[in-house]
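Here are the chains, one letter per residue:
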Amino acid sequence: MILTITPNPCVDKTVFIDALQPGAKIRSPRYTCIAGGKGCNVSRAIKAMGDDTVAMPFVGGHTGRHVVDMLEQQDGLRCAPVWVQDMTRTITTVLEEPVHRQTALFEPGSRVTPEECGKALELVEQLLPETDLITMNGSAPDTTLDNFYHDVVQLAHVADVKTIVDAYGVIFERALKALPYMVKPNVEEAEQLLRRSITNRTEQWDAVDWFHSKGIPLVVLSLGAEGALVSFEDTQFHIQPPAIKEVNPVGSGDALVAGFALGITQGMDLESTARQAIAMGAANAMSWDIGAFTKAEVDALLPQVQIFPR
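A short tour of the structure in this document, coming up. (Residues numbered from 1 in each chain as written. Predicted model: local features only at pLDDT ≥ 70, side-chain atom pairs only at ≥ 80, totals over all residues. Heavy atoms only, no water.)

Scanning the chain from terminus to terminus reveals 10 helices and 15 strands. In summary, the chain has a C-alpha radius of gyration of 19 Å against a globular reference of 19 Å for 310 residues, a match within 12%. Summarising its shape, the C-alpha atoms of the chain cover approximately 60 × 45 × 40 Å along the three principal directions. Here the chain, with 310 residues, has 52% of them falling under the buried criterion. Nonlocal contacts in the chain, meaning residues at least 24 apart in sequence, comprise 67% of its contacts between residues at least 6 apart. Working note: accessible area of the chain is about 13,800 Å², and carbon and sulfur atoms make up 49% of it. (Helix = DSSP H or I, 4+ residues; strand = E, 2+ residues; numbered from the N terminus. Rg over C-alpha atoms; globule rule 2.2 N^0.38 Å. Buried < 20%, exposed > 50% of the residue type's maximum accessible area, 1.4 Å probe, protein only. Contact = heavy atoms within 4.5 Å. Areas by Shrake-Rupley, 256 points an atom, 1.4 Å probe, with all protein chains shown as cover.)

Between its first and last C-alpha atoms helix 8 (residues 252-265) spans 20 Å; for 14 residues at 1.5 Å apiece the expected length is 20 Å, and the two agree. Counted residue by residue, helix 8 has 11 buried out of 14 residues, so it is predominantly covered. Taken together, the buried positions of helix 8 are Ser 252, Asp 254, Ala 255, Leu 256, Val 257, Ala 258, Gly 259, Phe 260, Ala 261, Leu 262 and Gly 263. Once helix 8 finishes, Gly 267 follows within two positions and takes phi at roughly 75°, a positive value. (Expected span 1.5 Å × (residues − 1).)

What follows is about the sheet that holds strand 8 (residues 101-106). Strand order across the open sheet formed by 4 strands is 3-2-7-8, with mixed pairing between neighbours. Two strands in the sheet have a free side with no partner beyond their single neighbour: strand 3 (30-36) and strand 8. Averaged over neighbouring strand pairs, the angle between their axes works out to 20° when direction is ignored. Here strand 2 (residues 10-17) pairs with strand 7 (residues 90-96) via 7 bridges, running parallel. Its bridge partner lying in strand 7, Val 11 is registered against Thr 90. The strands touched by helix 2 (residues 61-74) within the sheet are strand 2, strand 3 and strand 7, with strand 3 carrying the most contacts at an inclination of about 90°. (Pairing = 2+ DSSP bridges. Axes fitted to C-alpha atoms, helices over the stretch in contact; angles between N-to-C directions.)

Our focus in this paragraph is the pattern of salt bridges. Any two side chains of opposite charge can pair if their charged atoms end up close together. Under the defined criterion, the tally for this structure stands at 14 salt bridges. For the salt bridge of Arg 30 with Glu 97, the shortest nitrogen-to-oxygen distance reads 3.1 Å. Here Arg 30, found in strand 3, pairs with Glu 97, found in the loop between strand 7 and strand 8; they are 67 residues apart in sequence, far enough to count as distant. The class of Glu 97 is partly exposed, set by a relative accessible area of 35%. One continuous salt-bridge network, built from bridges that share partners, spans Lys 38, Asp 166, Lys 184 and Asp 254. (Salt bridge = Lys/Arg side-chain N within 4 Å of Asp/Glu carboxyl O.)

If you check the backbone angles, His 100 has positive phi at about 50° while not being a glycine. Relative to the helices and strands, His 100 is located in the loop between strand 7 and strand 8. Assessed through its relative accessible area of 40%, His 100 is described here as partly exposed. The backbone of Glu 233 sits at a positive phi, close to 55°, despite the residue not being glycine. Residue position: Glu 233 is located in the loop between strand 13 (228-232) and strand 14 (235-240). Residue class for Glu 233 comes out exposed when judged on its relative accessible area of 63%.

The subject of this paragraph is the packing of aromatic side chains. A complete count under the given rule lists 6 aromatic pairs for this structure. Here the aromatic rings of Phe 16 and Trp 288 are separated by 5.8 Å at their centres, their planes lie at 65°, and the arrangement is edge-to-face. Linking Phe 16 in strand 2 with Trp 288 in the loop between helix 9 (270-285) and helix 10 (295-301), this pair joins segments that are 272 residues apart in sequence. Residues Phe 16 and Trp 288 agree in their burial class; the two are buried. Taken together through their ring pairs, the aromatic side chains of Phe 58, Phe 148 and Tyr 149 make up a single cluster. Over the face of the ring belonging to Phe 16 we find Arg 30, whose NZ or CZ atom lies 3.7 Å from the ring centre. The lysine or arginine in question, Lys 162, covers the ring of Tyr 181, its NZ or CZ lying 5.0 Å from the ring centre. (Phe/Tyr/Trp six-rings, centres within 6.5 Å; stacked < 30°, edge-to-face > 60°. Lys NZ or Arg CZ within 6 Å of the ring centre and 35° of its normal.)

And the structure:
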């Protein structure tokens, strides 16, 4: 089982309209609503590929209940929620369909108390015996959680469970000190951490090497539509996705994480794992709904994935 942790989930609503007119009352003919948050997206992608996953979001209030209901009833996922006092946020995206322009409104994340953080770590410990790998996904909504990923990685080390961290900010920087098995920053997140600009391929590979210097075995630097740089021991390559008609790239990085999680737990070699992960990211971007792709769609894209050695 792959456990995904999402400290900052949301009710993720998209409203479809013709044109956004500030100050006007605009009626929408339709909307969609899913359980948002990076770990929730990872779990959906894992399920799409037919594997076992448990989603662990931090949730509160009636919006938190809505997130759990959507994960369990709408997505068919097993959910192990961490209940907090503060209400879960809602993110509302307004999509102007004729020009395919998105405007997203982000509410602040929930506050988390030290007691709630402690309960979350206890829940991780309870789930560890059935867990093959843990992914930690996204930012911390509260500074109380700044050490949370670090502590989860340490618990996982004791249980000999591999971990993947896909985050940014203080919670990511501190997690590195516990030595997760894999990290998946994008260029902007790497720039923030290294405190320098990354403008070309040489600097991108230098960033990958920096993560290795901190003791991280597997480094995947996401390049968005250009794919990713992948590095493990003496194997390093740039993996490039196939050309697709992009509909919605949101969640493709999470599908990439899901692909690596699956490859690692299934004992696949690095190249096959990366090919699967990049194909999953591409398949996700081909439809509006996040994680709504099929394994058949991923398999069809695999032959079109390209790999270029460093």
